[in-house]
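Examination of the molecular architecture
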Amino acid sequence: MIRQAKTKRVSKPQKPQLIHWRLYVVVGFVFALFCSLVGRAAYIQIIEPDKLRHESDMRTLRTTSREVQRGLITDRNGDMLAVSVPVRAVWADPKQVNDNNGFADMRRWQALADVLHEPIEDVLDRVRSNPTKRFTYLKRQVTPAVADYITQLKLPGVFLKSESRRYYPGGEITAQLIGITNIDDVGIEGVENAYNSWLTGTPSKQKVRKSRDGHVVERLDIVQEGESPNDLVLSIDHRIQQLAYRELKRTTEMNQATSGSIVVLDIHTGEVLAMVNTPSYNPNARDNLQTFRMRNRAMTDTFEPGSTIKPFVVAAALEAGTVKSTDIIPTSPGWMRLGGRQVRDPNNYGDMSLARILAKSSNVGISKLALSIPVQQLLGTYQSMGLGSFSGINLTGESAGVIQDRHRWSDFERATLSFGYGLTATTLQLARMYATLGNGGTLYPVSILKLKKPPEGERVISQNVANDVLQMMVGVTEKGGTGTLAHIDGYPVAGKSGTSRKAIAGGYGDDYVALFAGVAPVNNPKLAIVVVVNEPKGDLYYGGSVAGPAFAKVMSGSLQMLNVEPISDKEQVQLAGIAAGRTE
Amino acid sequence: MSKPSLNLPRIVLHDLWRHKWILLLALLVLGHAVAVVYTSHVSRKLTTQWDQLLQERDRLDIEWRNLLLEEQSQTEHSRITRIASKELNMSRPLPSEEVVVKVP
């Protein structure tokens, strides 16, 4: 039956008919759909893609900036003298705090105040006082640990900002030399100031595309080309600097002096190995900075160099040829009258060799030498060795000293010039003069930066004269000299003590400057050291007894650190013999 | 209908073979498209990695700076001098007491 029915139905002639309009409708519909899709796609892709692109960029494009730290300052051996460490600044947006009901949870504000070590009233006051303000610092230079803690407090409207903090591991030892930066990382003193642009870098800014989870997936154009900061290698040897500071501090305290300076120069290159001053300050704790402690006295403060200038008078006289190194100068009766004024020695030394004039620091003897040459020649020698001009150290605040330039000089004035009055110099200049004498008469510019090769020097006195004067100066620290306390066993010293009265309005006062300057070891000179103690108030005020011991300590310690071979006893006896032969 | 040679797969294959170069190009285009997607994915991954390494470098730099400070305070000369003289009973010989050993 079923089959029958089926066959019946099939057998019915029912020709399938195409209903055209239906087809057209369907095809038309599909086509329209397709067109609209294509159209939409084309619209988005070609005709107006900018809007969506903009939307996408708003969600993914970010500008990242790479913070740079100020360059490191190291000594010549790589010891750190100034290091920048990133820290954070805490700031608040008072408007946002007030709008977001930020004071709801006072416990969090209390915690913030506690971690900042500030009274909560102060913190709140800063945020509340002006609710429309958009920015106020709450605390600057907090450590990363504190910053983390503050982030976790999740205070509305309180943010962190990167900045960097400068640490000076050398502390007060290098304080005046290195200087300091201000809170915005700009050098305001010393090396930090002089080489500020070299040390400072600028952060680079770059556009990046970030994915939803915060990873950078594409690096786009650089918005701002950063400049990486440069490091600075100073010529300072931190070990010597430390030793010099320790000895200077001890000397200053023992003599109740107002201030003091020591400069150590490498005589073959003009590099500064140490430059220390007292009183000093701690550059890492700046709560009560006193400006008089911040001055780098070794190059800013001038004084009359006193007897330490005498070897250069001998050098000038030898150079001029008015005396020979073997000449004997009569100084009897121990004083001489020059135009109504008197130049005197403590004792009547009688006939003296040049070496003995230096060893005993005879004013009469040296005045005779100075009067034997034209005054312009003497001043010319001083100037050619760097007095009255800048040393080349290139730091802010350096003083050049005064050396008078006039035509008429009385004999007495010419005499005073020979024992270091009527002209002023800095500790650094004096050290440079001694370095010139020590290296055989070549004047080098002083450098605070470590040099790759020695600089171009300028010969200012002949080798023979320099060597002769150096040999004569050995007697100063030998028995019978004025600087026996500066004697070092093993390293023969060519030094000279000096004591100068400080000028006050209308004459000379009761205060002194005690000096000791010298070069060692004489057989193969390496270092020139000048010790200046300003206004010693103790019983002692002579340069040899105040500054001499510090000189000996610093010199012997430095030479040991630099691995300079001490001379044997035999050589020492020989050398002492030469010195003695010259002295007697 | 009566032609027996109408074997559809064969016709298709034959047709494809006739346009084999176009087909090859089409495949290449496809492959290339996939490669583009893959490369950009890899490049993004590498960029992310690069960025993470840069961050790591910054972190290490900060750590290095802090360690420098620590090293500097630990190796301060005055501290070492103090330890050497007080705890280890060492002293610096005077220059005259030094014995020089020359390396030949």
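Presented here is an overview of the structure given in this document.

Reading the values: rules and limits
Residues numbered from 1 in each chain as written. Chains lettered and ligands numbered in written order. Predicted model: local features only at pLDDT ≥ 70, side-chain atom pairs only at ≥ 80, totals over all residues. Heavy atoms only, no water. Contact = heavy atoms within 4.5 Å. Buried area = accessible area lost by both parts, 1.4 Å probe. Salt bridge = Lys/Arg side-chain N within 4 Å of Asp/Glu carboxyl O. Polar contact = N/O pair within 3.5 Å; in protein donor to acceptor, adjacent residues only side chain to side chain. Helix = DSSP H or I, 4+ residues; strand = E, 2+ residues; numbered from the N terminus. Nonpolar A, V, L, I, M, F, W, Y, C, P; charged D, E, K, R; others polar. Phe/Tyr/Trp six-rings, centres within 6.5 Å; stacked < 30°, edge-to-face > 60°. Buried < 20%, exposed > 50% of the residue type's maximum accessible area, 1.4 Å probe, protein only. Lys NZ or Arg CZ within 6 Å of the ring centre and 35° of its normal. Core = buried A, V, L, I, M, F, W, Y, C linked by side-chain atoms within 4.5 Å.

Re the interface of chain A and chain B
Between chain A and chain B, the residue contacts involve 29 residues of the former and 27 residues of the latter. With both sides pooled, the region where chain A packs onto chain B buries about 2,600 Å², and carbon together with sulfur makes up 58% of that total. Considering only the side of chain A, the residues that lose the most area to chain B are R66, R219 and Q560 of chain A, jointly responsible for 22% of the buried surface there. At the boundary of chain A and chain B, one finds 2 salt bridges. One salt bridge in this structure joins R219 of chain A and D51 of chain B, with 3.0 Å as the shortest N-O distance. For the pair chain A and chain B, the number of links is 8 residue pairs in polar contact (both at pLDDT 80 or more). It is strand 3 (residues 80-92) of chain A that provides the largest number of residues to the side of chain A that touches chain B, a total of 5 residues. Residues belonging to the side of chain A that touches chain B are distributed by class as follows: 13 nonpolar, 8 polar and 8 charged.

Comments concerning the packing of aromatic side chains
Residues and elements named next belong to chain A. Following the criterion strictly, the structure yields 9 aromatic pairs over all chains and no others. Plain terms: the ring middles of F135 and Y137 are 5.0 Å apart, the flat faces sit at 80 degrees to each other, and that makes the pair edge-to-face. Overall, the relative accessible area of 35% leaves F135 in the partly exposed class. Residue Y137 is classed as partly exposed on the basis of its relative accessible area of 24%. Measuring from centroid to centroid gives 4.1 Å for Y512 and Y541, while their planes differ by 20 degrees, and the two rings are stacked. Residue Y512 is found in strand 20 (residues 507-520), and its partner Y541 is found in the loop between strand 21 (527-534) and helix 21 (543-546); the two are separated by 29 residues along the sequence. One aromatic cluster is present, built from ring pairs that chain together W91, F135, Y137 and F159. In this arrangement the basic side chain of R140 is found over the ring face of Y137, its NZ or CZ atom lying 4.4 Å from the centre.

Focus on the nonpolar core
In a soluble, globular protein the nonpolar side chains are often hidden away together inside. All names here are of chain A. In terms of nonpolar packing, the biggest core is built from 125 residues, with Y382 and I448 touching the most fellow members. Setting aside its immediate chain neighbours within four residues, I448 contacts L177, V191, Y195, L234, S235, I236, V272, I393 and L395. Among the nonpolar cores identified, the runner-up in size contains 22 residues, and A113, L116, I120 and V127 belong to it.

Quick notes on unusual backbone geometry
Trans is the common state for peptide bonds, and a negative phi is the common state for residues other than glycine. All names here are of chain A. In this structure, the amide linkage connecting S332 to the following residue, P333, adopts the cis form with an omega of 5 degrees. Structurally, P333 can be placed in the loop between strand 12 (328-330) and strand 13 (335-338). Note the cis peptide between A520 and P521, where omega equals -20 degrees. By the secondary structure assignment, P521 is in the loop between strand 20 and strand 21. At S361, a residue that is not glycine, the phi angle is positive and equals roughly 55 degrees.

Description of the environment of G201 of chain A
Of note, G201 of chain A is situated in the loop between helix 10 (196-199) and strand 6 (204-210). Not counting chain neighbours up to four residues away, the residues in contact with G201 of chain A comprise V68, E227, S228 and P229 of chain A.

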